[in-house]
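Tertiary structure, described
What follows is the residue order along each chain.
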Amino acid sequence: LPSVLLFVATNFLVYVIAKRLFQEEKSAFYALLIFNVCPIAAIGALQMVPDVPAAFCWLLYAYFVVRLSEENNGLWWYPAGAVLGLGLLGKYMLVPLVPATLLMVAAHPDLRRHFKSPHLYLGGLLGLLCLAPVMVWNAMHHYASFRFHLSDRHHFETPFAWEHMGEFLRGQLL
């Protein structure tokens, strides 16, 4: 049941974000349709795996960033930071949102002022506070989950080597 409820909430976010970005119901409907015909979304909704809450947090973060860009109000950094930190508790796939968002802010002339505002940094700090339990656990266990994701699961002799890039890229295509 939690997976189904999160999937419904995720669908709602897909619709709301698309409506805000494209400012029409038709685009929001098609975004929702495309999302729901993706097998990974439909199958994921049937089981409770870390990807379900992570997808919800990803989209909720995107919603807060959309609101931030629409209103240019730095207070949106707080819920964005909190939901990013909470999402990272279960799945590290949200990490790329940080550099992507910072690049967006840097590239958008109206949003650059946020680099001078404390809200961006305090929102980031709030996210780190939400992530603190995972960081403390990792510190106590020799960064086991980071080692697993960055090297152990790939069975490479070194954590990163350029000669393995082809294998990595082929895996991403699957």
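Predicted, not measured: the structure shown is a model, and the values here were computed from it. (Residues numbered from 1 in each chain as written. Predicted model: local features only at pLDDT ≥ 70, side-chain atom pairs only at ≥ 80, totals over all residues. Heavy atoms only, no water.)

Take a nonpolar patch on the surface next. Together, Phe29, Tyr30, Leu33, Ile34 and Val37 give the surface a local cluster of nonpolar side chains, amounting to about 510 Å² of exposed area. The topology assignment puts isoleucine 34 in helix H2 (residues 25-37). (Patch = residues over 30% accessible without salt bridge, like charges linked within 9 Å, V, L, I, M, F, W, Y side chains within 5 Å. Areas by Shrake-Rupley, 256 points an atom, 1.4 Å probe, with all protein chains shown as cover. Salt bridge = Lys/Arg side-chain N within 4 Å of Asp/Glu carboxyl O. Helix = DSSP H or I, 4+ residues; strand = E, 2+ residues; numbered from the N terminus.)

In this structure, asparagine 138 sits in helix H7 (residues 118-140). A residue is classified by how much of its surface remains accessible, and asparagine 138, at 0% relative accessible area, is buried. Separated by 3.5 Å, the side chains of asparagine 138 and tyrosine 92 make a polar contact. Within polar-contact distance, the side chain of asparagine 138 engages the side chain of serine 145 at 2.8 Å. In this view, asparagine 138 contacts Tyr92, Tyr143, Ala144, Ser145 and Phe146; residues no more than four positions away in its chain are not counted. (Buried < 20%, exposed > 50% of the residue type's maximum accessible area, 1.4 Å probe, protein only. Polar contact = N/O pair within 3.5 Å; in protein donor to acceptor, adjacent residues only side chain to side chain. Contact = heavy atoms within 4.5 Å.)

Once that is clear, we can look at the pattern of salt bridges. Applying the stated criterion to the full structure yields 5 salt bridges. Across the salt bridge formed by arginine 20 and glutamate 70, the nearest N and O atoms sit 2.5 Å from each other. Taken as a pair, arginine 20 in helix H1 (residues 2-22) and glutamate 70 in helix H4 (residues 51-71) lie far apart in primary sequence, 50 residues in all. Residue classification places arginine 20 among the partly exposed positions, given a relative accessible area of 29%. What makes glutamate 70 partly exposed here is its relative accessible area of 40%. Three or more residues are tied together by salt bridges with common partners; here these are Arg20, Arg67, Glu70 and Glu71.

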